[in-house]
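Residue-level structure breakdown
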Amino acid sequence: MKQGIRSGMVGGFGFSFSSLMLYLTYALCFYVGAQYVHEGKSTFKDVFRVYFALVFTAFGISQTSAMASDSTKARESATSILALIDMRSKINSTSDEGIKLDKADGNIHLNHVTFKYPSRPDVQVFSDFTLGIPSRKTFALVGESGSGKSTVIALLERFYDPDSGTISLDGIELKNLTLSWLRDQMGLVSQEPVLFNDTIRAKHSIRKTRRSYGRGDYHCRQGSQRS
Ligand SMILES: Nc1ncnc2c1ncn2[C@@H]1O[C@H](COP(=O)(O)OP(=O)(O)O)[C@@H](O)[C@H]1O
Ligand SMILES: [Mg+2]
């Protein structure tokens, strides 16, 4: 919003300034030229020669200042992109610290979770949200768009940490588990039908097969699943 107003102001001033300069140059040329011709100091031909030289110069200058709004836009965009690149994530995804369980059963508990996205602090996604997901059960989260289904997954994958409350896998808080290990335990097929055009089952098997089979076997298995 602020950026829009600023670029609008700069664009407006740039455009008005360029138009002003252009028409002032026309006016000045015709006025001075007319005076010279009137006094017999110059000819009509020479006046127009000077006129065109000045008009084309003024046109060049006006074009440059009209681009001022684009250069402001580019600068503002670069600033926000650089700020994003410099932002440090609270979760270190390369860290190897934490507990690795021998075997994950898959009992998941969200206890009194409060969460809002850092980039959207005005929307409270969860407040005091508690949910238990037993292992070896098919579990569905159903709700209208924007109710927080994907956010539950994002918290389970530890893309974000809850603001308060805890999330645990087999009784151990996610924060205490090795992040890469935790993510290895999950296969996520999100709403992207174009990327891998296949059934959800086949897409889900990609992660699982890579864990227990070699690369060649994985292709065989996926082939046989399709048939
Ligand atoms: N990456 C994000 N950044 C900021 N807000 C988000 C983000 N993802 C989702 N939200 C907001 O969080 C709320 C829950 O969204 P989401 O979990 O995607 O809902 P669902 O998957 O149930 O449609 C919505 O208000 C949505 O606008
Ligand atoms: Mg969703």
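Right, let's walk through the structure included here. This is a predicted model, so every value here is computed, not measured.

Quick word on the nonpolar core
- Of all hydrophobic cores here, the largest spans 12 residues; its members are L110, V113, F115, V125, F126, V152, L155, I167, L169, L174, L177 and L182.
- Among the elements of the structure, β1 (108-115), α4 (149-156) and β3 (164-169) are those that each provide at least two residues to this core.
- At three residues, β1 tops the list of elements feeding residues into this core.
- Excluding its chain neighbours within four sequence positions, the residues that come into contact with F126 are V113, T114, F115 and G148.

Details of the site of ligand 1
- Around ligand 1 there are 13 residues in total, and Y117, R120, K149, S150 and T151 lie nearest to it.
- Among the residues forming the shell around ligand 1, the class breakdown is three nonpolar, eight polar and two charged.

Focus: the environment of S65
- Considering the arrangement of structural elements, one finds S65 in helix α2 (residues 44-66).
- Given 17 C-beta atoms within a 10 Å radius, S65 is considered partly exposed.
- With 11 residues separating them along the chain, S65 and L54 place their C-alpha atoms 17 Å apart.

Rules used throughout
Residues numbered from 1 in each chain as written. Chains lettered and ligands numbered in written order. Predicted model: local features only at pLDDT ≥ 70, side-chain atom pairs only at ≥ 80, totals over all residues. Core = buried A, V, L, I, M, F, W, Y, C linked by C-beta atoms within 7 Å. Buried ≥ 20, exposed ≤ 12 C-beta atoms within 10 Å, placed from the backbone. Helix = DSSP H or I, 4+ residues; strand = E, 2+ residues; numbered from the N terminus. Contact = placed C-beta atoms within 7 Å. Near = placed C-beta within 6 Å. Nonpolar A, V, L, I, M, F, W, Y, C, P; charged D, E, K, R; others polar.

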